[in-house]
Amino acid sequence: MAPADDLLAYEILAAVSEIPEGNVSTYGQIARLIGRERNARLVGRVLSHAEYYGSYPCHRVVNHAGRLVPGWAEQRALLEAEGVAFLDDDTIDMRHHRWPPSD
């Protein structure tokens, strides 16, 4: 990533690092938190490369419906270890685990 892109990546990852254990946020919520309301996909793209920037709790970010990342089997186990409840195989109970709760 270019330096300007690196700054954006760290801005996104800083917001992700604020998600408390046992809670989840959505790509759209993270985009709004950094002032880029229409850039939920950008957030997802950055998170897919987060390992290049350090260790961040990217497993706490899900889609708007509370669904897990397809193909990332470890995500569910990480969230369950934090006490996150699921409604079915791949959907989180967003009413109880959304952060920030007012969004």
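Residues numbered from 1 in each chain as written. Predicted model: local features only at pLDDT ≥ 70, side-chain atom pairs only at ≥ 80, totals over all residues. Heavy atoms only, no water.

**As for the overall build of the chain**
And step 1. Broken down by element type, the chain carries five helices and two strands.
And step 2. Going from N to C terminus, the chain has its helices and strands arranged as α-β-α-α-β-α-α.
And step 3. The globule rule puts the C-alpha radius of gyration for 103 residues at 13 Å, and the 13 Å found for the chain is close to it.
And step 4. Referenced to the eigenvectors of the C-alpha coordinate spread, the extents of the chain come out at roughly 40 × 25 × 20 Å.
And step 5. Residues classed as buried in the chain amount to 42% of the 103 residues present. (Helix = DSSP H or I, 4+ residues; strand = E, 2+ residues; numbered from the N terminus. Rg over C-alpha atoms; globule rule 2.2 N^0.38 Å. Buried < 20%, exposed > 50% of the residue type's maximum accessible area, 1.4 Å probe, protein only.)

**Thoughts on the packing of aromatic side chains**
And step 1. Evaluated as defined, the whole model comprises one aromatic pair.
And step 2. Their ring planes at 85 degrees and their centres at 4.9 Å tell us that Tyr10 and Tyr53 sit as a pair that is edge-to-face. Of this pair, Tyr10 sits in helix 1 (residues 3-17) while Tyr53 sits in the loop between helix 3 (40-47) and strand 2 (61-62), placing them 43 residues apart in sequence.
And step 3. Looking at Tyr10, the relative accessible area reads 40%, which means it is partly exposed.
And step 4. Sitting over the face of the ring of Phe86, Arg76 holds its NZ or CZ atom 4.0 Å from the ring centroid. (Phe/Tyr/Trp six-rings, centres within 6.5 Å; stacked < 30°, edge-to-face > 60°. Lys NZ or Arg CZ within 6 Å of the ring centre and 35° of its normal.)

**Some details on the pattern of salt bridges**
And step 1. Applying the stated rule across the entire model yields four salt bridges.
And step 2. Linking Arg76 and Glu80 is a salt bridge whose minimum nitrogen-to-oxygen distance equals 3.0 Å. Within this pair, Arg76 and its partner Glu80 are both found in helix 4 (residues 74-81), separated by four residues, close to a single helical turn.
And step 3. Note on Arg76: relative accessible area 24%, which makes it partly exposed.
And step 4. As a salt-bridge pair, Arg95 and Asp93 come within 3.8 Å of each other at their nearest N and O atoms.
And step 5. Looking at Arg95, the relative accessible area reads 71%, which means it is exposed. (Salt bridge = Lys/Arg side-chain N within 4 Å of Asp/Glu carboxyl O.)

**With respect to helix 3**
And step 1. Residues of helix 3 that are buried: Leu42, Val43, Val46 and Leu47. One side of helix 3 carries all its buried residues, which in axial view fall inside an arc of 135 degrees. (Arc of directions from axis to C-beta.)

**Things to note about the environment of Ala81**
And step 1. As for its placement among the helices and strands, Ala81 is situated in helix 4.
And step 2. Ala81 gets classed as exposed once you look at its relative accessible area, which sits at 69%.
And step 3. It is 31 Å that separates the C-alpha atoms of Ala81 and Leu7, two residues lying 74 residues apart in sequence.

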